[in-house]
Amino acid sequence: MDSLRYWVTEMHVDGFRFDLASALARSMHDVDRLSAFFDVVHQDPVVSNVKLIAEPWDVGPGGYQVGNFPPPWTEWNGKYRDTVRDVWSGAHVGVRDLAYRLTGSSDLYRSDGRRPFASINFVTAHDGFSMADLVTYEQKRNEANGEDNRDGESHNRNWNCGVEGPSDDPRIVELRARQVRNHLATLLLSTGVPMLTAGDELGRTQQGNNNAYCQDSELSWIDWKALDDDLFAFVARLIRLRRSSPVLRQEAFFEGHEIPGTGGTRDLAWFAPDGGQLSTGDWFDTGLQTLGMYLDGRGIRHRDEAGRRMVDDSYLVQLHAGPDPLTVQLPGPPWADGYELVVSTEYPTGEPPSRTVVAPGPVELPGRCVWLLRILRRP
């Protein structure tokens, strides 16, 4: 505690990320969320007021504690990583868990009074595959680490797009680039705090090594000259949108309640491919690979720094993880009078080549794609 206080008061550190943080909560052998360390942190007037991020697992029995750390802790959300990887790798897991992850993981963080920013959302980290490698390799290539390829995670919930390792096939190259954009679009359009691993925005590869802790070489370095210009522009575009759109970074969990004066829209609504709101059966359909998420900018619950009510554009996010194009029905009034396509992962930079406005009704989604549609309303 003395060291933590020194780093905050004298070195002006903004906060801490605790590696294998469940180990801090062990009393003898068991993990105890009310352990003495958490009590001391909670009561400390200095340390309790900086960013506290837990890696909420360790290597011991019962160490996986995602969602179980007390306020004011935030957590690396391992369930977010696993769900998003499953969805885009083609696993038939349905959309129920995905909906929780897209909206801040209220199932993990709401019951103890925490808010969406308790969820540190991520798809990749310093451990594991880089984003480029996540869609290029299914098998780790860790021979250079000197442990006979035994080290590193073997179950990575990913897909190599049909070919293991680098490929010159233009179709494979394009599909991998789109899959990277799908992962990043999902991350940057999710409520919570997005964590982007340095180098993923450049297209960095570790040549299939998913445990490069012992490498001080080209495997682990970032080559700033090896820049994927389109990918960099795509990430920058999504970050600009997120920063300028408070509806995409909510500070309170959604309620799903009707918004007065809107004709029946809600702050959050979920749509099936047929244009209807998802039914109970849809939520448990493991074969469903398409989800529409409606966010109403008139239903933001937090206020700006001056205490004023915030109003933003409204959006419909369409996520389609299926391999083939799919015709979906875009809902009409009161949800929308029309839509403008703002981001589509089918394009290298995410930007449509020209302004694209579509009316409510049928529209074809490309296979394996994310669309961000801005809601248009008549005056």
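The structure this text deals with has already been given above.
None of these values were measured; they are calculated from a predicted model.

Draft legend 1. Representation of the nonpolar core within the structure. Trp 270 and Leu 372 are the most contacted members of the largest nonpolar core, which has 48 residues in total. Of all the elements, helix 7 (residues 170–188) adds the most residues to this core, at six residues. If we skip the residues at most four places from it in the chain, Leu 372 touches Leu 189, Leu 241, Tyr 315, Leu 316, Val 317, Glu 340, Leu 341, Val 342 and Val 343.

Draft legend 2. Main features of the packing of aromatic side chains. Going through the model one piece at a time under the given rule, you end up with 14 aromatic pairs. Relative to Trp 73, the ring of Phe 38 has its centre 5.2 Å away and its plane inclined at 80°; by these criteria the two rings are edge-to-face. Remark: Trp 73 occurs in the loop between strand 4 (51–54) and strand 5 (74–76) and Phe 38 occurs in helix 2 (residues 36–43); sequence separation between them is 35 residues. This pair shows no difference in class: Phe 38 is buried, exactly as Trp 73 is.

Draft legend 3. A look at helix 3 (residues 78–89). Here helix 3 spans 16 Å end to end across 12 residues, near enough to the 16 Å set by a 1.5 Å rise per residue. Of the residues making up helix 3, those classed as buried are Gly 78, Tyr 80, Arg 81, Asp 82, Thr 83, Val 84, Arg 85, Asp 86, Val 87, Trp 88 and Ser 89. If you check the start of helix 3, you find a side-chain oxygen 3.1 Å away from the backbone N of Lys 79, and it comes from Asn 77. Note on helix 3: the residue one or two positions beyond its end, Gly 90, has a positive phi of about 95°.

Draft legend 4. Main features of the environment of Leu 52. Within the fold, Leu 52 resides in strand 4. Given the relative accessible area of 2%, Leu 52 is considered buried. Each C-alpha atom of the pair Leu 52 and Glu 75 lies 8.3 Å from the other, and the pair is 23 residues apart in sequence. Among all residues touching Leu 52, those that are not within four sequence positions of it are Phe 16, Phe 18, Val 41, Val 47, Pro 72, Trp 73 and Thr 74.

Draft legend 5. A look at the pattern of salt bridges. Applying the stated criterion across every chain yields a total of 26 salt bridges. Across the salt bridge formed by Arg 374 and Asp 313, the nearest N and O atoms sit 3.1 Å from each other. Placement of the pair is Arg 374 in strand 15 (residues 369–376) and Asp 313 in the loop between strand 9 (290–295) and strand 10 (315–320), with a sequence separation of 61 residues. Three or more residues are tied together by salt bridges with common partners; here these are Arg 81, Asp 82, Asp 86 and Arg 157.

Conventions and cut-offs
- Residues numbered from 1 in each chain as written.
- Predicted model: local features only at pLDDT ≥ 70, side-chain atom pairs only at ≥ 80, totals over all residues.
- Heavy atoms only, no water.
- Core = buried A, V, L, I, M, F, W, Y, C linked by side-chain atoms within 4.5 Å.
- Buried < 20%, exposed > 50% of the residue type's maximum accessible area, 1.4 Å probe, protein only.
- Helix = DSSP H or I, 4+ residues; strand = E, 2+ residues; numbered from the N terminus.
- Contact = heavy atoms within 4.5 Å.
- Phe/Tyr/Trp six-rings, centres within 6.5 Å; stacked < 30°, edge-to-face > 60°.
- Expected span 1.5 Å × (residues − 1).
- Polar contact = N/O pair within 3.5 Å; in protein donor to acceptor, adjacent residues only side chain to side chain.
- Salt bridge = Lys/Arg side-chain N within 4 Å of Asp/Glu carboxyl O.

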